[in-house]
Amino acid sequence: QTCLIHFIKRIFQRLDQRMEILSAGEIRLSNLEALTILREVKEDHTKKKANKRKNDRLLTLVLESIKYLEESPAGQQEESNIKDFVSNMQQFCQDENCFLTKQEFLQLVNIRPSKPVDIQLLIKESQDRLSEEQVDKILEIVGCSIPGTEEEEEGEEEGGEEEQEEE
């Protein structure tokens, strides 16, 4: 992954040159990785004074992207959270004999689902591939490994209290 980050940094360093996207589907980043790269680009561009007008346009895009990502679960995540999540999910997939694609792992990290319906939207054919217990376990792993926004965590606590009251 560090190789990928260095590759992206080199791309941003060459923004003054024309670039052609050869294969857009080969690079997939988590929102945390994108946020890290954007913060570095912001830092680099605020230091440079050359070609101010072009830098201002790019900086506006970078700042808006950073603002969006900081308000998403990526704003509270750290690299260690993602590593813990991936190792826990790999163990779960081994134990439960279920297979999730890299894209599904990435979506779970980026979106941080909190309800079974979210899993249905993120994991292709989840009703056929996963039992209710497996879905609940995935939600538990996501909740324990990946910090969410304050609003999400408050909603999860309220949902948990409502479930306990119903019992």
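In what follows, the structure referred to is the one given above.
Here's a quick rundown of the structure. (Residues numbered from 1 in each chain as written. Predicted model: local features only at pLDDT ≥ 70, side-chain atom pairs only at ≥ 80, totals over all residues. Heavy atoms only, no water.)

**Let's talk about the side chain of N110**
Moving on, step 1. Structurally, N110 is set in helix α5 (residues 102-111).
Moving on, step 2. We classify N110 as buried; its relative accessible area is 14%.
Moving on, step 3. Setting aside chain neighbours within four positions, we find N110 in contact with L29, S30, N31 and P73. (Helix = DSSP H or I, 4+ residues; strand = E, 2+ residues; numbered from the N terminus. Buried < 20%, exposed > 50% of the residue type's maximum accessible area, 1.4 Å probe, protein only. Contact = heavy atoms within 4.5 Å.)

**With respect to the nonpolar core**
Moving on, step 1. Of all hydrophobic cores here, the largest spans 21 residues; its most connected members are F85, M89, L100, L108, I119 and I138.
Moving on, step 2. Broken down by secondary-structure element, the contributors of at least two residues to this core are α4 (79-96), α5, α6 (116-122) and α8 (132-145).
Moving on, step 3. Apart from residues lying up to four places away in sequence, I119 is in contact with L108, P113, S126, L130, V135, I138 and L139.
Moving on, step 4. Residues I37, L38, I66 and L69 belong to the second largest nonpolar core, which totals 8 residues. (Core = buried A, V, L, I, M, F, W, Y, C linked by side-chain atoms within 4.5 Å.)

**Describing a negative patch on the surface**
Moving on, step 1. A cluster of acidic residues, D95, E96, E132, E133 and D136, forms a negative patch on the protein surface.
Moving on, step 2. For the negative patch, the elements supplying multiple residues, two or more each, are α4 and α8.
Moving on, step 3. With 3 residues, the top contributor of residues to the negative patch is α8.
Moving on, step 4. Locating E133 in the fold gives a position in helix α8.
Moving on, step 5. Looking at E133, the relative accessible area reads 60%, which means it is exposed. (Patch = residues over 30% accessible without salt bridge, like charges linked within 9 Å, V, L, I, M, F, W, Y side chains within 5 Å. Areas by Shrake-Rupley, 256 points an atom, 1.4 Å probe, with all protein chains shown as cover. Salt bridge = Lys/Arg side-chain N within 4 Å of Asp/Glu carboxyl O. Lys, Arg positive; Asp, Glu negative; His and termini not counted. Charge placed at Lys NZ, Arg CZ, Asp CG, Glu CD.)

**Here's the deal with the environment of L29**
Moving on, step 1. With respect to the secondary-structure elements, L29 resides in the loop between α1 (2-13) and α2 (31-47).
Moving on, step 2. C-alpha separation for the pair L29 and L106, spaced 77 residues apart in sequence, amounts to 7.8 Å.

**With respect to the pattern of salt bridges**
Moving on, step 1. Inspection of the entire model under this criterion finds 4 salt bridges.
Moving on, step 2. A salt bridge links E70 to R39, with the nearest nitrogen and oxygen atoms 2.9 Å apart. With E70 in helix α3 (residues 52-71) and R39 in helix α2, this residue pair connects regions lying 31 residues apart in the sequence.
Moving on, step 3. Exposure remark for E70: the relative accessible area of 35% places this residue in the partly exposed category.
Moving on, step 4. R39 sits in the partly exposed class, given a relative accessible area of 37%.
Moving on, step 5. Between E79 and K83 there is a salt bridge, with the nearest N and O atoms lying 3.3 Å from each other. Here the residue E79 and the residue K83 both occupy positions in helix α4, the gap between them amounting to 4 residues, near one helical turn.

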